[in-house]
Amino acid sequence: MLPHLEARQSVQSLRCYRPHTHDAFSIGIIDHGRTQFRDSDGRTLNLSAGDCVAIPSHTVHSCNPHAGRWEYRMVHADQAWVAAQLPAQAATSLMRGVTVTHEAAVYSQLSGFAQAVLDDAPVTDLERQLRSALQTLHLTSSPLAIRPRTSDTEDWLQPVMDRLSAPGPTPPLNELAQLVEMSSFQLIRAFKSATGLTPVAWHHNAQILKARDLLRQGKSLAETAQMLGFADQSHFHRIFRSHVAATPGGFRA
């Protein structure tokens, strides 16, 4: 299995997600029920069985059940690897913004790819299926007006980002605001405008991205919680589940 591929399948789920990002290109496949896809500005798109969504890395979003349970599959893949499988025009288009399709052909192809990932298919088969599915997606869909937000272009944010990236509890807002000579209220508004998340939400999201990586490496739950500075395992469990819709133990398994 490629180290930069991760797949999950959720059956009859009622779990909800907080707004979050992934550090990978993500493909969502709705198998049953309905869900609401929401971006960082609160815009909502209703998706139902047979729909697929492709989400570039670092795009703030949430996806939660609408009117009952839903079933879905997610595949997360290194974005550079995904882009390398595609012609330049298709790669540029799919990395530019969230793409949604209702096309049965795309659903069928992406379903086959997701199952191949879950089955640990040979790398050559995975690359071939992904190429075919995403080229069909590119030809049959148009990106939505939902764009990834990149905070690294905001120079004024860097002191705040550096502080929030450090392990440990979320720093007080007034401490963060002092770093950029703003009031707490001004910082929250400016930070969310730049990143799509509040400072507290960004810190939690960054912690969970690191936690996923540490758990993939085989770190224990206790070790991961301690390395990231969570107050205790209960706090780690609660924040992790709100972002991943799975427990840390379930994710590690």
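Residues numbered from 1 in each chain as written. Predicted model: local features only at pLDDT ≥ 70, side-chain atom pairs only at ≥ 80, totals over all residues. Heavy atoms only, no water.

K.L.:
Is there a simple way to think about the packing of aromatic side chains in this case?
P.N.:
Each pair of aromatic rings is reported with the distance of its centres and the angle of its planes. One pass over the full model with this rule turns up 5 aromatic pairs. Look at F240 and F251: their rings are 5.7 Å apart centre to centre, the planes differ by 65°, and that puts the pair in the edge-to-face class. You can see F240 sitting in helix α10 (residues 233-244) and its partner F251 sitting in helix α11 (residues 248-252), a full 11 residues away along the chain. One exposure class covers both F240 and F251, and it is buried. Within the aromatic cluster, the residues linked to one another by ring pairs are F230, F236, F240 and F251. (Phe/Tyr/Trp six-rings, centres within 6.5 Å; stacked < 30°, edge-to-face > 60°. Helix = DSSP H or I, 4+ residues; strand = E, 2+ residues; numbered from the N terminus. Buried < 20%, exposed > 50% of the residue type's maximum accessible area, 1.4 Å probe, protein only.)

K.L.:
Can you help me understand helix α8 (residues 199-216) in this one?
P.N.:
Within an α-helix, residues lying three or four positions from one another point in the same direction, as the helix has 3.6 residues per turn. In this model α8 runs 26 Å from its N-terminal to its C-terminal C-alpha over 18 residues, within 8% of the 26 Å that 1.5 Å per residue would give. Among the residues trailing α8, G218 stands out with phi positive, at a value near 100°. (Expected span 1.5 Å × (residues − 1).)

K.L.:
Could you clarify how one ought to interpret helix α7 (residues 184-195) in this entry?
P.N.:
With 12 residues, α7 ought to run about 16 Å at 1.5 Å a step, and its terminal C-alpha atoms sit 16 Å apart, in line with that. Along α7, the positions that sit buried rather than exposed are L187, F191, A194 and T195. Projection of α7 onto a plane perpendicular to its axis shows the buried side chains occupying an angular sector of 75°, all on one side. Facing away from the buried side of α7, by more than 90 degrees, are the exposed residues F185, R189 and S193. At its buried positions, α7 is contacted by α5 (158-165), α6 (173-179) and α8. Trailing α7 by a residue or two, G196 shows a phi angle of about 90°, which is positive. (Arc of directions from axis to C-beta. Contact = heavy atoms within 4.5 Å.)

K.L.:
Help me understand empty space enclosed by the protein, please; the structure alone is not making it clear to me.
P.N.:
A water-sized probe, rolled over the atoms, reveals where empty space remains. Scanning all chains against the criterion turns up 3 cavities of 30 Å³ or more. Taken as a whole, the largest cavity encloses approximately 200 Å³ of empty space. Surrounding the largest cavity, 19 residues form its lining, Y17, H20, H22, H61 and M74 being those nearest its centre. Of all the secondary-structure elements, those providing two or more residues to the lining of the largest cavity are β2 (25-32), β5 (52-55), β6 (61-65), β7 (70-77) and α10. At 4 residues, β7 tops the list of elements feeding residues into the lining of the largest cavity. When its residues are assigned to classes, the lining of the largest cavity shows 11 nonpolar, 6 polar and 2 charged. (1 Å grid on protein atoms, 1.4 Å probe; cavity = no way out; pocket = protein on both sides within 12 Å on 5 of 7 lines; lining within 4 Å. Points joined across faces, edges and corners; volume = space filled by probe spheres on them. Nonpolar A, V, L, I, M, F, W, Y, C, P; charged D, E, K, R; others polar.)

K.L.:
What's the story with unusual backbone geometry in this structure? I'm lost.
P.N.:
As a rule of thumb, non-glycine residues mostly have phi less than zero, and peptide bonds are mostly trans rather than cis. Phi is positive for H58, close to 65°, though the residue is something other than glycine. Tracing the backbone through its elements, the reader meets H58 in the loop between β5 and β6. H58 sits in the partly exposed class, given a relative accessible area of 39%. Positioned with a positive phi, E181 is a non-glycine residue whose angle comes to about 55°. Structurally, E181 can be placed in the loop between α6 and α7. For E181, a relative accessible area of 75% corresponds to the exposed category.

K.L.:
Just checking my understanding: could you explain the pattern of salt bridges for this structure?
P.N.:
Following the criterion strictly, the structure yields 7 salt bridges and no others. With its nearest N and O atoms 2.7 Å apart, the salt bridge here joins R216 to E6. Within this pair, whereas R216 is found in helix α8, its partner E6 is found in strand β1 (residues 5-13), the two being separated by 210 residues in sequence. Among the residues examined, E6 registers a relative accessible area of 14% and is labelled buried. (Salt bridge = Lys/Arg side-chain N within 4 Å of Asp/Glu carboxyl O.)

K.L.:
Before we go on, may I ask you to explain the sheet that holds strand β4 (residues 44-48) in this structure?
P.N.:
Think of a sheet as strands paired side by side through backbone hydrogen bonds, with each pair either parallel or antiparallel. Taken together, 3 strands build an open sheet; the order of strands is β4-β3-β6 and the sheet is antiparallel. Each edge of the sheet is formed by a strand with only one pairing partner; in this case those strands are β4 and β6. Adjacent strand axes in the sheet meet at a mean angle of 25°, parallel and antiparallel pairs treated alike. By the bridge criterion, 5 bridges tie strand β3 (residues 34-39) to β6 in an arrangement that is antiparallel. What sits directly across from R38, in β6, is S62. (Pairing = 2+ DSSP bridges. Axes fitted to C-alpha atoms, helices over the stretch in contact; angles between N-to-C directions.)

K.L.:
Is there a simple way to think about the packing of α8 against α10 in this case?
P.N.:
Angle between the axes and distance between the axes: these two values describe a pair of packed helices. Contact geometry of α8 with α10 gives a least axis separation of 10 Å together with a crossing angle of 95°. Here α10 runs roughly perpendicular to α8, going by the angle between their axes. When α8 is examined against α10, the residues H204, N205, I208, A211, R212 and L215 are found in contact with a partner set consisting of F236, I239, F240, H243 and V244. Per-class residue counts for the contact of α8 with α10 are 7 nonpolar, 3 polar and 1 charged. (Parallel < 35°, antiparallel > 145°, perpendicular 65-115°, else oblique.)

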